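Chain residues, written in single-letter form:
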Amino acid sequence: MKREEKTIAKNRRAFHDYGVVETFEAGVELSGTEVRSLRENNCQLTDCFALVRNGEVWMHNVHITPFSHGNINNPDPDRKRKLLLHKKQIRYLAEATREKGMALVPLKMYFKENGLVKVELAICRGKKLYDKRASMKERDTKREIDRALKARSR
């Protein structure tokens, strides 16, 4: 019996602030109590970002609440966490983020079918204020069209 992918947390703000160019799947280096805490959905990705430093990718500002039944050895909930990627992918990410306006942003954290914690990491381009307004207007018009079609089909 195979389990399906279980989402732990999504960074919904990232889609508002950034335009996603390309996505990658990365593993996360975690301690045991952090994984147990993630099983209880205790994770927050709101203002998180990733940086490439010395050939390694690090995820910053991810808050994983300490495990409720953990002991004094629970790690710091806001520590930076290492992402596990191939060297070729890390070089590609480093080159892509060198360009002005590009950033590495974790979009979601989830459990794979085999129980491993993965992060969907995206190369994103920052949106300007007018881009944000345009995407909000586009979303509202789509919503109005859907409402009109639904009312018409009744």
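Residues numbered from 1 in each chain as written. Predicted model: local features only at pLDDT ≥ 70, side-chain atom pairs only at ≥ 80, totals over all residues. Heavy atoms only, no water.

Caption draft 1: Seen up close, the overall build of the protein. Along the protein, the regular secondary structure elements total 4 helices and 9 strands. Its helices and strands taken in sequence order, the protein reads β-α-β-α-β-β-β-β-β-α-β-β-α from the N to the C terminus. Buried residues in the protein amount to 34% of all 154 residues. Taking as baseline every contact in the protein between residues at least 6 positions apart, the subset at least 24 positions apart corresponds to 69%. When the accessible surface of the protein is split by element, carbon and sulfur atoms take 49% of a total near 10,500 Å². (Helix = DSSP H or I, 4+ residues; strand = E, 2+ residues; numbered from the N terminus. Buried < 20%, exposed > 50% of the residue type's maximum accessible area, 1.4 Å probe, protein only. Contact = heavy atoms within 4.5 Å. Areas by Shrake-Rupley, 256 points an atom, 1.4 Å probe, with all protein chains shown as cover.)

Caption draft 2: View of the nonpolar core. Ranked by size, the top nonpolar core spans 29 residues in total, and within it Cys-43, Val-57, Leu-83, Leu-93 and Met-109 carry the most contacts. Going through the elements one at a time, β1 (6-10), β2 (18-28), β4 (49-53), β5 (56-60), α3 (87-98), β8 (102-111) and β9 (117-126) are the ones with two or more residues in this core. Among all residues touching Val-57, those that are not within four sequence positions of it are Ala-50, Leu-51, Val-52, Arg-81, Lys-82, Leu-83, Leu-85, Ile-90, Leu-93, Leu-104 and Leu-121. Grouped together as the second largest cluster of nonpolar side chains are 5 residues, Ala-14, Leu-107, Ala-122 and Cys-124 included. (Core = buried A, V, L, I, M, F, W, Y, C linked by side-chain atoms within 4.5 Å.)

Caption draft 3: Summary view of the pattern of salt bridges. What the rule picks out here adds up to 12 salt bridges. Here Arg-13 ties to Asp-17 by a salt bridge, and the two come within 3.3 Å at their closest N and O atoms. Of this pair, Arg-13 and Asp-17 are both found in helix α1 (residues 12-17), 4 residues apart, which corresponds to roughly one turn of the helix. Among the residues examined, Asp-17 registers a relative accessible area of 18% and is labelled buried. Among the ionic pairs, Glu-34 bridges to Arg-79, the shortest N-O distance being 2.6 Å. Placement of the pair is Glu-34 in helix α2 (residues 32-39) and Arg-79 in the loop between β6 (63-64) and β7 (81-84), with a sequence separation of 45 residues. Relative accessible area serves as the criterion here: at 25%, Arg-79 is assigned to the partly exposed category. Connected through salt bridges with shared partners, the residues Arg-13, Asp-17, Asp-47 and Lys-132 form a single ionic network. (Salt bridge = Lys/Arg side-chain N within 4 Å of Asp/Glu carboxyl O.)

Caption draft 4: View of the packing of aromatic side chains. Taken as a whole, this structure holds 1 aromatic pair when the rule is applied. A cation sits over an aromatic face here: Arg-39 above Phe-111, 4.5 Å from the ring centre. Here the guanidinium or amino end of Lys-108 rests over the ring plane of Tyr-110, the centre of that ring lying 5.0 Å away. (Phe/Tyr/Trp six-rings, centres within 6.5 Å; stacked < 30°, edge-to-face > 60°. Lys NZ or Arg CZ within 6 Å of the ring centre and 35° of its normal.)

Caption draft 5: A look at the state of the cysteines. Per the counting criterion, the structure on display carries 0 disulfides. Lacking any disulfide linkage, Cys-48 is separated from the closest cysteine sulfur, that of Cys-43, by 7.9 Å. Overall, Cys-48 belongs to the buried group, its relative accessible area being 6%. (Disulfide = S-S within 2.5 Å.)

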